[in-house]
Each structure stands twice: as structure tokens, then as C-alpha cells.
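# Structural description and commentary
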Amino acid sequence: IIFRAVTAGIIAGILIAAVVICSMRYYKIHNRFISVDGDNISQIEFDMYYNISKNALLSQTFYGNTTMADYFSYMGYKSSENDKSQTNSQTGGTWYAYFADNAVNTIKETKALLKDAADNNYEYTTADEDYNKLVEQAESAAAAASLDEKAYYKQNFGNYATKKNIKSYLMEYLKADAYRTELTD
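Attention here is on the structure that accompanies the text. Computed from a predicted model, the values in this text were never measured in an experiment. (Residues numbered from 1 in each chain as written. Predicted model: local features only at pLDDT ≥ 70, side-chain atom pairs only at ≥ 80, totals over all residues. Heavy atoms only, no water.)

## Digging into the environment of Lys-175
Going by this rule: Working definition: helices are DSSP H or I runs of at least four residues, strands are E runs of at least two. Numbering for both runs from the N terminus. Contact criterion: two residues are considered in contact whenever any of their non-hydrogen atoms come within 4.5 Å of each other.
Mapped onto the secondary structure, Lys-175 falls in helix 7 (residues 167–184). In the structure, Lys-175 is positioned 45 residues away from Asp-130 in sequence and 9.1 Å away in space, judged by C-alpha atoms. Sequence-distant contacts of Lys-175, defined by excluding residues within four places in its chain, comprise Leu-114, Tyr-122 and Tyr-124.

The following block contains the structure:
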């Protein structure tokens, strides 16, 4: 009887620990991975911004056809390797930290633009059209890379990204970009 009680207690403890660990992981992925200026940012949202800002930065050109990816490769960056395992020779930190800082700045800028847009009653009238255009581009790019939708979203927006769970974040990003364009035109 004592053996059964001890076994039941151990099993119950393991189950409780598993539930707590899974709940914490779910919370981090879907609710709060980091906080940026008081806004909770999920890992899904952070990863999306990380990948968007990283890809935008790497594709920037200067001096003719030279890209930032070319420049970073001179500093030892290898796009085929994990960013967390590579040291940025200029900063001494990892490339992940460098791109993560860039992502946080992009998040701050996007949230500030959204707040300003709301304060100025900006109406984003082409939201659905812009989103559908982005989805069509994603589908074309996935097909060109011989990837299915799930693999494409994971590769380009983060490990937990799906078309469905990043839609609201993409809509915010597109709205901020449209508002920025209106302000600068």
C-alpha cells in the first residue's frame, strides 16, 4: 500500500511538472516572450519581426550591387549556420543578439507608428488587399523554393509561425508601413 501511494505521488508530481512546463512554454510562445515598451510580445510575433528585419537588412544594397549580406560575410557571418552560434566580430556578441536588437527596434518603430496612426485617425483602407498581395507573394515564393506553406512560413517568419497565427501581426506591420509611406510621401 505504501509503495502504491508513493508511486501515485511520483506520477502525480511528474504530471503536474509536465503541465506547468507545457503551460509556461505555451505562454511564452503565444503571450509573452519579451516586453517592449510595456507591450507583451509573443515569441511568434518576435520571431516574425526578427526574420522580417533580418531579411530586410541582409538584402539592403550599397556600393552598387553589394548587399549587407555580402558585407556581413566579410565579418564572418554565414547564413547557412545558426545565428546564435556565430560571433559578430564587430560587437563580440552573437549574430542572433545583433539581429534581435534590430528586431526590437523594428517592433518599437512599428508600435509607435500604429499609436500615431490611431491618434491621427488614420484609416488603412487597403488592408485586405495588401495582406492578400503578401500572401500571394508568399505562395509564389514557396512554390519557387519547392516548399509547402507550413515550411515556407516557418523558414521566413519563425519556427512557430503559421499563416493563421501571424496574420494579425502582419496586418499591424502592413498598416504601420502604409502609414509610414503616407507620412513620407
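## Some points on helix 4 (residues 95–119)
At 3.6 residues per turn, the α-helix brings residues three or four places apart onto the same side. In plain terms, the rule: Expected span of a helix, by definition, is 1.5 Å for each gap between consecutive residues, and there is one gap fewer than residues. When a residue's accessible area, from a 1.4 Å probe over protein chains only, is under 20% of the maximum for its type it is buried; when over 50% it is exposed; and in between it is partly exposed.
Between the first and last C-alpha of helix 4 there are 36 Å, a value that for 25 residues agrees with the 36 Å anticipated at 1.5 Å per step. Of the residues making up helix 4, those classed as buried are Trp-95, Phe-99, Ala-100, Ala-103, Thr-106, Ile-107, Thr-110, Lys-111, Leu-113, Leu-114 and Ala-117. Its buried side turned inward, helix 4 meets strand 1 (34–36), strand 2 (39–41), helix 2 (43–59), helix 3 (68–74) and helix 7. Backbone geometry just downstream of helix 4 places Asn-121 in the positive-phi region, at approximately 55 degrees.

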